[in-house]
Amino acid sequence: MTDLKSRLGEAVAAAFAAEGVASDKVRVTASDRPDLADFQSNAALAVAKAHGTNPRDLAGRVASRLEGHPDLTSVEVAGPGFINLVVSPAALASRAAEVLADDLHRGAAPVADSRRVMIDYAGPNVAKPMHVGHLRSSIIGESLKRLFRFRGDQVWGDAHFGDWGFQMGLLIVALADEGGAEAFMADGDGPFPADSPVSLEDLERLYPQAAAKAKEDAGFRDRARKATAELQAGRPGYRALWSHFVAVSRTALEREFSALGVTFDLWNGESDADPLMAGMIADLEAKGLLVEDQGARVVHVAGPGETRKKKLEDGSVVETPSPPPLLVVSSEGSAMYGTTDLATIVDRRNRIDPQLILYVVDERQAEHFEQVFRAARLAGYAANGELEHLGFGTMNGPDGKPFKTRAGGVLKLHDLITTATDKARERLKEARLGDDLAPEAFDDTARKVAVAALKFADLSNARTTSYVFDLDRFISFEGKTGPYLLYQSVRIKSLLRKAGDAAPTDTPIRVDEPAERDLVLTLDAFSGAVADAYDKRMPHLVAEHAWRLAQSFSKFYAACPILGAEDAAVRASRLALSQATLAQLELALDLLGIATPERM
Ligand code: ARG
């Protein structure tokens, strides 16, 4: 099953080929002038010169070859050589029927070859509160996970839990000072208490205190470093305590993520890479990649001539390698963030052997990933094209800086969802929506509206751009928002309920009115939107499609009576179109990680 655009693309390419032009510049796009045509090809203008011919003549010859194509009612050459294509009502009707019958993909084509893909996203840390970077990563990563899976890849979403490193030592010494976990502080092999000595509130209180103290108090800092080293060396009491920290954090995080409709297949942690670290460092050593640098050990990743100017403290300017070397072992002997990421690649290779790993992480970490990826390729842990950093911009406050709460703190996911849900309740009441829902159903709708608002606001922007957090706008039922799209789908659901039995999938569909044509052409465009979003790793293209579809439906609804249609066949056909629209809209929203309520 192919979409009209690809099908016509092939027909046009064949016609060009028959004229001696085989070029990947031969393409078909949606028409710029929907009043004149449905699709167009500008290829004649792009290729004529290279083939020593005049674009209008070439277009004319191609057009005559397309004459009589079963999907087309007209083929015309316009201007200097545009080929305008008008699709036949029958072809549109059969395409709409395909979309309606295609329960799984609603007209979207799967990938030809399925790959094993890992998506590293969210990246929350034990005890440290999440910030907007984690929020965006969760939303974008979840959508990419769904999109890749939908197109037929085998996908693992990994939270890549930040459960290792200095923050663990900080928590241990902070807890040692506060008391209450003496049993874990003892030397020896235990056994240690099976119950956690700390709650989530304790961790959230202890971590910022300890982090602040470490900045001022060198003695405290040293003790935290030592505790980190002892934990990593396997001191049993610390290990037992650490397991509690990890479990307590993870339970809380999973709850928050699930409220946001974000779930992971794997919760592998940075700690999982730890057992591989020593072997990997030895391997880098053996491969001659590890270089001594002022007491530290690094891997040089810049090629010859890859330098940038760097200003030194004394004001002089020097050329330094760009990207800078990857720090593998610090002068104090500890493994670093980059070491962990490198060892994690080895770990993933051993466990899953992915053909592609996507890292959905803040653009500000771009250089880090460039260093890690280059080191991985040098060491033979990954081939070209297997590792991709998908950076994203920040969600900003009105001041244009990364969003902070009113109190100036980082935002907590839980608070954000609660605030958005409260607001959703207010808005629903104002709009007199959900009046006749039972309290639980109303709450469920409010939660869905809140999540739709937050996610759509994020995913409707190209991932690389930053945007301003404006909850009032996000949660509005008007404009390009998640709640608007939910409202549209609920409206179609209620229309179908009123119509009684859902339209059977074998209802003959008729596509006569301009608004019907437009709606079917939009349904047809889903396949292309999904493929583009996948190729570019840009979920906003799916968001854009969902918005367009809702608008096309709205126009159709206004122009074409459905329940009020006089002719029973027309009524059935329009109901079938509504049903296809609803199914594709819900699917598109699902790819964005947005669930729709039954009623509002
Ligand atoms: N935990 C990290 C942070 O909070 C993000 C991890 C991103 N993923 C990775 N493989 N480094 O910044």
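The notes below deal with the structure included here. (Residues numbered from 1 in each chain as written. Predicted model: local features only at pLDDT ≥ 70, side-chain atom pairs only at ≥ 80, totals over all residues. Heavy atoms only, no water.)

1. Some points on the sheet that holds strand β2 (residues 39-41)
At step 1: Strand order in the open sheet formed by four strands is β1-β2-β4-β3, and the pairing between neighbours is antiparallel. The open sheet has two free edges, formed respectively by β1 (29-30) and β3 (72-78), since each of these has just one partner strand.
At step 2: In terms of strand pairing, β1 meets β2 through two bridges, oriented antiparallel. Paired with Thr29 across the strands is Gln40, a residue of β2.
At step 3: Contacting β3 and β4 (82-87), helix α3 (residues 55-66) crosses the sheet at an angle of about 170 degrees to β3. (Pairing = 2+ DSSP bridges. Helix = DSSP H or I, 4+ residues; strand = E, 2+ residues; numbered from the N terminus. Contact = heavy atoms within 4.5 Å. Axes fitted to C-alpha atoms, helices over the stretch in contact; angles between N-to-C directions.)

2. Some points on the nonpolar core
Soluble globular proteins: nonpolar side chains tend toward being buried together.
At step 1: The biggest cluster of nonpolar side chains holds 159 residues, and the ones touching the most others in it are Phe16, Leu85, Phe245 and Phe257.
At step 2: If sequence neighbours within four positions are ignored, Phe245 has contacts with Val126, Met168, Leu171, Ile172, Leu175, Val198 and Leu203.
At step 3: Within the second largest apolar cluster, 32 residues are counted, among which are Leu284, Val301, Ala343 and Ala382. (Core = buried A, V, L, I, M, F, W, Y, C linked by side-chain atoms within 4.5 Å. Buried < 20%, exposed > 50% of the residue type's maximum accessible area, 1.4 Å probe, protein only.)

3. Section: the site of the ligand
At step 1: In the region of the ligand, the neighbouring residues are Asp120, Gly123, Asn125, His134, His160, Tyr337, Asp341, Tyr359, Val361, Gln365 and Phe369.
At step 2: For the ligand, a nitrogen atom lies 2.7 Å from a polar atom in the side chain of Asp341.
At step 3: Residues that form the shell around the ligand fall into these classes: four nonpolar, five polar and two charged. (Near = heavy atom within 4 Å. Polar contact = N/O pair within 3.5 Å; in protein donor to acceptor, adjacent residues only side chain to side chain. Nonpolar A, V, L, I, M, F, W, Y, C, P; charged D, E, K, R; others polar.)

4. Notes on the sheet that holds strand β13 (residues 387-390)
At step 1: Taken in spatial order, the four strands make up an open sheet running β6-β5-β12-β13, and their pairing is parallel. Looking along the sheet, the strands with just one partner apiece sit at the ends: β6 (154-158) and β13. Direction aside, the axes of adjacent strands within the sheet are offset by 20 degrees on average.
At step 2: The sheet contact formed by strand β5 (residues 116-120) and strand β12 (residues 356-360) spans four bridges and is parallel. Pairing of Asp120 across the sheet is with Tyr359, part of β12.
At step 3: Packed on one face of the sheet, helix α12 (residues 337-351) meets β5, β6, β12 and β13 and runs near 140 degrees to β12.
At step 4: Contacts from helix α13 (residues 366-379) reach β12 and β13 within the one sheet, and its direction differs from that of β13 by about 180 degrees.

5. Things to note about the pattern of salt bridges
At step 1: Under the defined criterion, the tally for this structure stands at 50 salt bridges.
At step 2: Of the charged contacts in the structure, one is a salt bridge between Asp590 and Arg146, with a shortest N-O distance of 3.0 Å. Here Asp590 is found in helix α20 (residues 568-591), whereas its partner Arg146 is found in helix α5 (residues 132-150), with 444 residues between them in sequence.
At step 3: Owing to a relative accessible area of 37%, Asp590 belongs among the partly exposed residues under this scheme. (Salt bridge = Lys/Arg side-chain N within 4 Å of Asp/Glu carboxyl O.)

6. Considerations on the packing of aromatic side chains
At step 1: Inspection of every chain in the model, using the stated rule, returns 18 aromatic pairs.
At step 2: Summarising the aromatic geometry, the rings of Phe257 and Trp267 are spaced 6.2 Å apart at their centres and angled 55 degrees between planes, so their arrangement reads as tilted. One end of the pair, Phe257, is in helix α10 (residues 236-259); the other, Trp267, is in the loop between α10 and α11 (274-286), and ten residues separate them in sequence. An identical accessibility class is assigned to Phe257 and Trp267; each is buried. (Phe/Tyr/Trp six-rings, centres within 6.5 Å; stacked < 30°, edge-to-face > 60°.)

7. Some words on unusual backbone geometry
With the exception of glycine, most residues fall at negative phi, and the peptide bonds are largely trans.
At step 1: Residue Pro191 is bonded to the preceding Gly190 through a cis peptide linkage, with omega at 10 degrees.
At step 2: By secondary structure assignment, the location of Pro191 is in the loop between α7 (182-185) and α8 (200-216).
At step 3: A cis geometry characterises the amide bond from Ser322 onward to Pro323, with omega recorded as 0 degrees.
At step 4: One can find Pro323 in the loop between β10 (317-321) and β11 (326-329).
At step 5: Phi at Ala127 is positive, roughly 70 degrees, even though this residue is not glycine.
At step 6: As for its placement among the helices and strands, Ala127 is situated in the loop between β5 and α5.
At step 7: The buried category is assigned to Ala127, whose relative accessible area is 9%.

8. Considerations on the pairing of β5
At step 1: Within β5, four of the five residues are buried, leaving the element largely enclosed by the surrounding structure.
At step 2: Bridging between β5 and β6 involves five bridges; their strand directions are parallel. Within β6, the position partnered with Arg116 by the bridge is Gln154.
At step 3: Assessed by its sense of winding, the connection that carries the chain from β5 through α5 to β6 is right-handed. (Right-handed = clockwise from strand over helix to strand, strands pointing away.)

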